[in-house]
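The lines below spell out each chain.
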Amino acid sequence: MEPILLYDTTLRDGTQGENITFTADEKVKIALQLDDMGIHYIEGGWPGSNPKDLQFFDLAKRVKFKTARLAAFGATRKPGIPPEKDGNLKALLASETPTVTIFGKSWDLHVKEVMDNSLAENLAMIADSVKFLKWNGREVIYDAEHFFDGYKKNSGYALQTLMTAIENGADFIVLCDTNGGTLPFEVDTIVKAVQTALADKNALNPASPKIKLGIHTHNDSGLAVANSITAVQAGSVMVQGTINGYGERCGNADLNSIMPILNLKMNRPCVSPENLSKLKTLSRYVSEMANQVPLNNRPFVGKSAFAHKGGIHVSAIMKTPKAYEHIDPAIVGNRRRVLVSDLSGKSNVEYKARELGVELGNNGFDSSKIVSEIKQLEQQGYQFDVADGSFKILMEKFTDQFEPLFDLEAFRVTIEKDKDQPCTAQATVKISVDGQQEITAAEGYGPVSALDNALRKALDRFFPDLDTMRLVDFKVRVIDGSRGTAAKVRVFIESRDQDEIWSTIGVSEDIIEASWQALADSFQHKLASEKQIRSQQFPEQEKLPIFNT
Ligand SMILES: [Zn+2]
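Residues numbered from 1 in each chain as written. Predicted model: local features only at pLDDT ≥ 70, side-chain atom pairs only at ≥ 80, totals over all residues. Heavy atoms only, no water.

(A) Looking closely at the environment of P464. Its location among the elements puts P464 in the loop between α17 (447–460) and β14 (470–478). The exposure class assigned to P464 is exposed, which follows from its relative accessible area of 57%. Sequence separation of P464 and R62 is 402 residues, and the distance between their C-alpha atoms is 45 Å. (Helix = DSSP H or I, 4+ residues; strand = E, 2+ residues; numbered from the N terminus. Buried < 20%, exposed > 50% of the residue type's maximum accessible area, 1.4 Å probe, protein only.)

(B) Structural context of the sheet that holds strand β8 (residues 238–241). Taken in spatial order, the 8 strands of this closed barrel run β1-β2-β3-β4-β5-β6-β7-β8, and their pairing is parallel. Each neighbouring strand pair of the sheet contributes to a mean axis angle of 25 degrees, computed without reference to strand direction. Bridge count for strand β6 (residues 172–177) against strand β7 (residues 213–217) is 5 bridges, and the pairing is parallel. Bridged to D177 within β7 is T217. Sitting on the sheet, helix α3 (residues 87–94) is in contact with β3 (69–75) and β4 (99–105), with an inclination near 175 degrees to β3. With respect to the sheet, helix α10 (residues 255–265) is in contact with β1 (5–8) and β8, its orientation differing from that of β1 by roughly 175 degrees. (Pairing = 2+ DSSP bridges. Axes fitted to C-alpha atoms, helices over the stretch in contact; angles between N-to-C directions. Contact = heavy atoms within 4.5 Å.)

(C) Focus on unusual backbone geometry. Even without a glycine there, the phi angle at R249 is positive, about 55 degrees. If you trace the backbone, R249 turns up in the loop between β8 and α10. The phi torsion at N267 lies on the positive side, around 55 degrees, for a residue other than glycine. Structurally, N267 can be placed in the loop between α10 and α11 (273–276). Its relative accessible area of 63% is what places N267 among the exposed residues.

(D) Fine view of the sheet that holds β14. Spatially, 3 strands are ordered β14-β15-β16 in an open sheet, and the strand pairing comes out antiparallel. Among the strands making up the open sheet, the edge pair consists of β14 and β16 (501–508). Neighbour to neighbour, the strand axes of the sheet diverge by 15 degrees on average, direction disregarded. Two strands pair when backbone bridges link them, and β14 and strand β15 (residues 489–496) are joined in this way by 8 bridges, in the antiparallel orientation. Counterpart to K475 in the pairing with β15 is F492.

(E) Representation of empty space enclosed by the protein within the structure. Counted by the stated rule, this structure contains 1 cavity of 30 Å³ or more. Quantified by volume, the largest cavity comes out at close to 40 Å³. Lining the largest cavity we find N244, S283, R284, S287, P294, L295, R298, V301 and G302. (1 Å grid on protein atoms, 1.4 Å probe; cavity = no way out; pocket = protein on both sides within 12 Å on 5 of 7 lines; lining within 4 Å. Points joined across faces, edges and corners; volume = space filled by probe spheres on them.)

(F) Broad picture of the nonpolar core. Y142, L162, V194 and M259 are the most contacted members of the largest nonpolar core, which has 80 residues in total. Ignoring sequence-local partners within four residues, the contact set of L162 consists of Y142, A144, F147, I173, L175, V194 and L198. In this structure, L459, F463, M469 and W502 belong to the second largest nonpolar core, which totals 30 residues. (Core = buried A, V, L, I, M, F, W, Y, C linked by side-chain atoms within 4.5 Å.)

(G) Molecular detail of helix α12 (residues 279–289). What α12 keeps buried is the set L279, K280, L282, S283, V286, S287 and M289. Looking at the buried side of α12, the elements it contacts are α1 (24–37), α10 and α11. Positioned one or two residues after α12, N291 has a phi angle of 60 degrees, which is positive.

(H) Quick look at the layout of surface pockets. Estimated volume of the second largest pocket: approximately 380 Å³. For the second largest pocket, the lining is made up of 18 residues, of which I393, K397, Q517, A520 and D521 are closest to its centre. At 5 residues, the largest contribution of residues to the lining of the second largest pocket is made by helix α18 (residues 511–537). Its residues assigned to classes, the lining of the second largest pocket comprises 12 nonpolar, 3 polar and 3 charged. (Nonpolar A, V, L, I, M, F, W, Y, C, P; charged D, E, K, R; others polar.)

(I) The arrangement of the coordination of the zinc ion in detail. On the protein side, the zinc ion has D13 (OD), H216 (NE2) and H218 (NE2) as donor atoms, found 2.0 to 2.1 Å from it. Spacing between the donor residues of the zinc ion along the chain follows D-x202-H-x1-H. With D13 in the loop between β1 and α1 and H216 in strand β7, the pair connects residues that are 203 residues apart, well separated along the chain. (Donors = N, O, S within 2.8 Å, 3.2 Å for Na, K, Ca; no water.)

(J) Summary view of the side chain of Q240. With respect to the helices and strands, Q240 occurs in strand β8. Judged by relative accessible area, which is 1%, Q240 ranks as buried. What Q240 contacts, discounting residues up to four positions off in sequence, is Y7, I141, D143, V174, I215, H216 and A253.

(K) Seen up close, the confidence of the model for the protein chain. Of all residues in the protein chain, 94% have pLDDT values of 70 or greater, and the mean over the chain is 90. Scored below 50 in pLDDT, residues 541–549 makes 0 contacts in the model with residues more than four places away or belonging to other chains. (pLDDT = per-residue confidence, 0-100.)

(L) Geometry of the packing of aromatic side chains. Across all of its chains, the model carries 12 aromatic pairs by this definition. Residues F462 and F463 carry aromatic rings whose centres are separated by 6.5 Å and whose planes lie at 55 degrees to one another, so their mutual orientation is tilted. Neither residue differs from the other here; F462 and F463 are each classed as buried. A connected cluster of aromatic rings, assembled from ring pairs, spans Y7, Y41 and F172. (Phe/Tyr/Trp six-rings, centres within 6.5 Å; stacked < 30°, edge-to-face > 60°.)

(M) Representation of the environment of Q536 in the model. Position of Q536 among the secondary structure elements: in helix α18. Using a relative accessible area of 56% as the deciding quantity, one classes Q536 as exposed. Expressed as a C-alpha distance, the spacing of Q536 and H216, which sit 320 residues apart in the sequence, is 53 Å.

(N) Fine view of the pattern of salt bridges. Within the structure shown, the criterion is met by 27 salt bridges. As a salt-bridge pair, K526 and D497 come within 2.8 Å of each other at their nearest N and O atoms. With K526 in helix α18 and D497 in the loop between β15 and β16, the pair connects residues that are 29 residues apart, well separated along the chain. Each member of the pair, K526 together with D497, is buried. Salt bridges sharing common partners tie together R335, K352, E355 and D388. (Salt bridge = Lys/Arg side-chain N within 4 Å of Asp/Glu carboxyl O.)

In structure tokens, the structure reads:
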């Protein structure tokens with residue numbers, strides 16, 4: 001069977017998505033990652049449409065890709081002018097990419113009513129543009145825009161547009177579901193019908209090369225991946241899509257799903273297993289660049305894609321992960337997570353304890369005690385499935401393994417507002433470490449930042465490594481809105497250092513108190529891991545046996 005070629009359009013169609021933009025430099029960085037992943041084609045942009053894309057192609061001329069072919073995207077020539085006078089086609093050539101992708105109209109409605117053009121001139125535009133690019137030595141991918149809609153309304157004309165591109169030398173014919181409204185069984189029927197029709201026409205000219213079809217789908221019906229997979233099953237050999245499914249409206253076909261489906265479920269490998277294991281990293285890299293929060297429930301690569309919450313599920317996956325997982329998460333670079341919550345059973349807690357390195361009692365008593373405690377705390381508003389740092393501390397407390405690395409004696413926070421001036425916050429913190437007291441004061445942008453600064457300063461005397469730690473996220477949620485000001489708030493804090501990200505939680509009727517709990521847990525977590533690292537680097541000297549002489 002023919003290998004499937006992946007064609008990424010994150011840098012062009014992906015940037016049509018709301019709030020998604022990349023600088024030319026960022027585009028180069030993403031392109032290098034896509035190349036590293038083994039993606040066959042990278043569409044860099046539309047050089048005729050904006051200066052940023054022109055700049056990208058300029059930068060890309062100096063970049064050496066390992067295997068990927070770079071493609072520039074553009075339209076067929078404008079009506080009524082020869083291709084060599086068309087600015088858009090000239091910009092495509094000036095990009096100096098080995099591959100050029102041009103789109104043309106296949107739906108008569110667009111030709112006549114939107115473009116106010118004649119059907120014959122549209123065919124001439126396709127013919128001239130493909131021929132011109134081929135004559136200039138480019139590989140040409142022809143994207144048939146609105147093909148499925150056009151085929152449904154006027155199949156004869158839609159096929160004629162494809163045939164025109166083929167006769168003039170197009171290397172690939174890509175059928176586009178531009179509006180995203182086509183259903184998988186329609187894709188199946190139409191892709192097969194197109195192959196038959198084109199093969200019949202091509203039979204008249206036995207010297208013609210084999211026609212290679214591609215698919216380009218949008219997700220307006222939630223079916224972009226399903227439609228792409230169906231098209232491959234029906235004979236397409238190229239799949240166009242974007243990383244994380246970014247794209248206009250509801251997005252494009254998500255290559256993060258298409259790659260593992262082809263590799264693992266259809267026996268049509270498109271990337272090496274080694275590259276497939278980088279899938280989650282690639283997804284995160286692109287969402288970071290796009291400044292988009294990664295979606296937890298994204299198939300294969302999302303944080304929750306292999307997260308288990310129900311107790312029965314967890315006890316089953318501890319016996320055999322296959323029981324509740326469709327693939328091994330490691331194959332796509334993801335990992336199994338077990339969540340602890342009021343839905344949890346003993347199995348969740350035992351699994352989690354093992355993962356976090358907390359020893360539980362052998363008789364199972366500890367884990368059932370922890371389960372009932374979690375249920376009570378969740379009743380009060382805690383939520384541990386997103387706060388591993390606090391959960392570890394909780395488990396240690398329940399099994400008498402908790403070793404507080406500092407104790408709070410007192411804190412005070414004051415906030416001042418002077419007329420139109422911004423608020424200022426000061427905090428004083430009194431702590432003790434091994435019986436030694438320390439009092440410090442600090443300012444901050446708000447009460448939590450002031451507390452953070454004061455605690456940091458106080459601990460600095462005892463633990464000099466704290467400067468690698470910083471707070472990266474702070475979320476507050478009211479959890480019982482019906483009780484007005486007496487409502488409780490839940491505070492989540494996410495912290496990180498060079499090795500780790502951890503999250504902690506606090507719940508109280510007082511927002512400062514809740515913040516303090518989350519903050520204190522976060523520092524405790526950091527200090528405990530530092531201590532563990534140090535003990536691994538400098539283990540205590542083995543105690544020598546004492547001989548009574
Ligand atoms: Zn598109």
